[in-house]
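For reference, the chains in residue letters:
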Amino acid sequence: MRIVMIGSGYVGLVSGACLSEFGHDVVCVDTDIAKIEGLKVGKIPIYEPGLDEVVAANVKSGRLSFETDLKAAMEAAEAVFIAVGTPSRRGDGHADLSYVFAAAEEIAHNLKGYTVVVTKSTVPVGTNKKVAEIIKKVRPDADFDVASNPEFLREGSAIEDFRRPDRVVVGCHSDRARAVMREIYRPLYLNETPIVFTTCESSEIIKYASNAFLAAKITFINEMANLCEAVDANVQDVARGMGLDGRIGNKFLHAGPGYGGSCFPKDTLALLKTCQEYGTPTKIIEAVVAVNDARKIQMGAKIEKAFGGVAGKTIAILGLTFKPNTDDMRDAPSLVIVPYLKDKGAKIKAFDPEGMKEAKKHFEVEWCNETYETLQGADGLVILTEWNEFRALDLGKVKSLLKRPLLVDLRNIYRPDMMASAGFQYVSVGRPDVG
Ligand code: UDX
């Protein structure tokens, strides 16, 4: 099958590369000439484990290519995916659909023969209908259907998530479109991946409702972590005890500094807006957003308390990205926590394996090249992101480099009893402090 993917950002690039791996002929199109030129010579614009290999292998096989010219790419295409960004609109927090609508218009001008126009970007309910209207207005003669096919991949494990999803969701209103979508995802039938066929409207809601639910789950356990801290309970035991109930499930119950990233913050806000617009406001999501915003500041205060005040002190920070295995800093807790600590008079030394280039655009600190250099002469260590290389630190070395053996671990990657016997003052999330 010949597929065009419009937008070579995170979702577009991963989806395009993985669909070509499924055996389809995929052309990824982007208006960013430098990005496309780079991709043509194997330069991947984002950090995502395994993506470079999938791209290289499929370019070599001739199934994956990169273009700036949509007209040429769309010759004989059976499906065109829209995978452009839908950032939060400045001012009202709603999803900015201008890129989606611009793509729809451009597609309309280049349609030839029956084509399914698939929206992969995360878009509010009703958007696919609008996409269809735009295309019909430009080309009343066009033979096409729209389909909604939201993407659920996570940064850092995007390739695996695409190859082995829990489910594929497809919204469309015709058998012809359903047949095309079924063919696109045929390789997944072999792993018995459920494909949920529904309407565009339901499909659009599934994406937002899933992300908002997961954000709520994280926020819930974060609030339970606060209670655990107040009564000397252990939130990891609480999460395990809850998660073994199949109705609850054990995933997304890790307490931490609050969710960030490119999806949860933006999608919860957009869902709030949509619900308001349709006269069905959601108090739950409103609370989730407010609690998560406040949490990042609370984490600054937690660090301050652990250090006994931070004015004039040097704090070593390991990890800045919103989660490991990505260089993405969007809505990372560090964006709130680092300025908070600096405001209170702390001197910050920081290191992140992939995120520093991006972090440098947001704040100025003493940048370090590796873990142990960061610790040298600091009054204590704070772990903000759970990169694997921070999970097995040489504790003896850590102790000898720090002025004081203090570790604030906002990702709970160490065990309190181990840290106590290693002679540390150890502060984590939702678990008793030691030392
Ligand atoms: C998320 C969704 O998981 C994915 O399905 C959707 O397509 C895009 O948004 P992503 O943002 O890449 O993916 O990362 P995810 O692993 O879901 O983590 C999101 C945030 O929640 C991170 O800040 C992470 O640290 C935090 N988190 C996650 C927790 O604090 N606790 C958890 O238990 C899980």
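The rules behind these values
- Residues numbered from 1 in each chain as written.
- Predicted model: local features only at pLDDT ≥ 70, side-chain atom pairs only at ≥ 80, totals over all residues.
- UniProt positions renumbered as here; feature names shortened; annotations may be inferred.
- Buried ≥ 20, exposed ≤ 12 C-beta atoms within 10 Å, placed from the backbone.
- Helix = DSSP H or I, 4+ residues; strand = E, 2+ residues; numbered from the N terminus.
- Pairing = 2+ DSSP bridges.
- Right-handed = clockwise from strand over helix to strand, strands pointing away.
- Near = placed C-beta within 6 Å.
- Domains from an automatic or database assignment.
- Axes fitted to C-alpha atoms, helices over the stretch in contact; angles between N-to-C directions.
- Core = buried A, V, L, I, M, F, W, Y, C linked by C-beta atoms within 7 Å.
- Contact = placed C-beta atoms within 7 Å.
- Nonpolar A, V, L, I, M, F, W, Y, C, P; charged D, E, K, R; others polar.
- Expected span 1.5 Å × (residues − 1).

An unreviewed UniProt entry lists the protein under the name UDP-glucose 6-dehydrogenase, from Rhizomicrobium electricum. The protein has a UniProt comment under Sequence similarities (unreviewed entry) that states "Belongs to the UDP-glucose/GDP-mannose dehydrogenase family." Note on the protein: under the UniProt heading Pathway (unreviewed entry), the record states "Nucleotide-sugar biosynthesis; UDP-alpha-D-glucuronate biosynthesis; UDP-alpha-D-glucuronate from UDP-alpha-D-glucose: step 1/1."

Asks: Describe the pairing of strand β6 (residues 144-148), naming the residues involved and giving the relevant values.
Replies: β6 sits mainly inside the fold: five of its five residues count as buried. Residues Phe-144, Val-146 and Ser-148 line one face of β6 and the alternating positions Asp-145 and Ala-147 line the opposite face, and both faces are buried. The pairing of strand β5 (residues 115-119) with β6 spans five bridges and is classified as parallel. In the sheet register, Val-118 faces β6, and the bridge partner there is Ala-147. The parallel pair β5 and β6 is bridged by helix α6 (residues 127-138), and the resulting crossover is right-handed.

Asks: Please give an account of unusual backbone geometry that cites residues and values.
Replies: In this structure, Glu-192 takes a positive phi of about 60° despite not being glycine. Structurally, Glu-192 can be placed in the loop between α9 (186-189) and β8 (195-198). A residue is classified by how many C-beta atoms lie within 10 Å of it, and Glu-192, with 6 of them, is exposed.

Asks: Go over the site of the ligand with me, naming the residues and quoting the values.
Replies: Close contacts around the ligand come from 20 residues, with Glu-155, His-254, Tyr-259, Gly-261 and Cys-263 the closest. Per element, the largest residue contribution to the shell around the ligand is three residues, and it comes from helix α10 (residues 200-231). For the shell around the ligand, the two domains that each supply at least three residues are domain 1 (2-198) and domain 2 (243-427).

Asks: I'd love a proper account of the sheet that holds β8, names of residues and values included.
Replies: Hydrogen bonds between backbone atoms are what pair the strands of a sheet, whose relative direction is either parallel or antiparallel. Taking strand neighbours across the sheet as the criterion, the eight strands line up as β3-β2-β1-β4-β5-β6-β7-β8 in an open arrangement whose pairing is mixed. Lying at the two open borders of the sheet, with one neighbouring strand each, are β3 (64-67) and β8. Between one strand axis and the next, the sheet turns through 25° on average, direction left out of account. Sheet topology note: the strand β1 (residues 2-6)/strand β2 (residues 25-29) ladder contains five bridges and is parallel. Note that in β2 the partner of Met-5 across the bridge is Cys-28.

Asks: How would you summarise the nonpolar core if you had to cite specific residues and measurements?
Replies: In this structure, Val-4, Ile-6, Val-80, Phe-81, Leu-381 and Val-382 are the most contacted members of the largest nonpolar core, which totals 120 residues. The element that contributes the greatest number of residues to this core is α10, accounting for nine residues. Setting aside residues no more than four positions away along its own chain, Leu-381 makes contact with Ala-316, Leu-318, Leu-375, Val-398, Leu-402, Leu-406 and Leu-407.

Asks: Which residues make up the domain arrangement of the protein, and what values go with them?
Replies: For the protein, the assigned domains read domain 1 (2-198) and domain 2 (243-427). Its C-alpha centre places domain 1 at a distance of 33 Å from the equivalent point of domain 2. Tallying the contact residues gives 14 residues for domain 1 and 15 residues for domain 2. Classifying every residue of the side of domain 1 that touches domain 2 by side-chain character gives seven nonpolar, five polar and two charged.

Asks: Outline helix α1 (residues 10-21), listing residues and values.
Replies: Taking 1.5 Å per residue, twelve residues should reach 16 Å; α1 reaches 17 Å between its end C-alpha atoms and fits that length. For α1, the set of buried residues is Tyr-10, Val-11, Gly-12, Leu-13, Val-14, Ser-15, Gly-16, Ala-17, Cys-18, Leu-19, Ser-20 and Glu-21. The first or second residue beyond α1 is Gly-23, which carries a positive phi of 115°.

Asks: Describe in detail the UniProt feature "domain: UDP-glucose/GDP-mannose dehydrogenase C-terminal" (unreviewed entry) in the protein, supporting the description with residues and values.
Replies: This chain's UniProt record puts "domain: UDP-glucose/GDP-mannose dehydrogenase C-terminal" (unreviewed entry) on residues 316-416. Annotated as residues 316-416, this span is 27% helix and 18% strand, and its ends, taken at the C-alpha atoms, are 20 Å apart.

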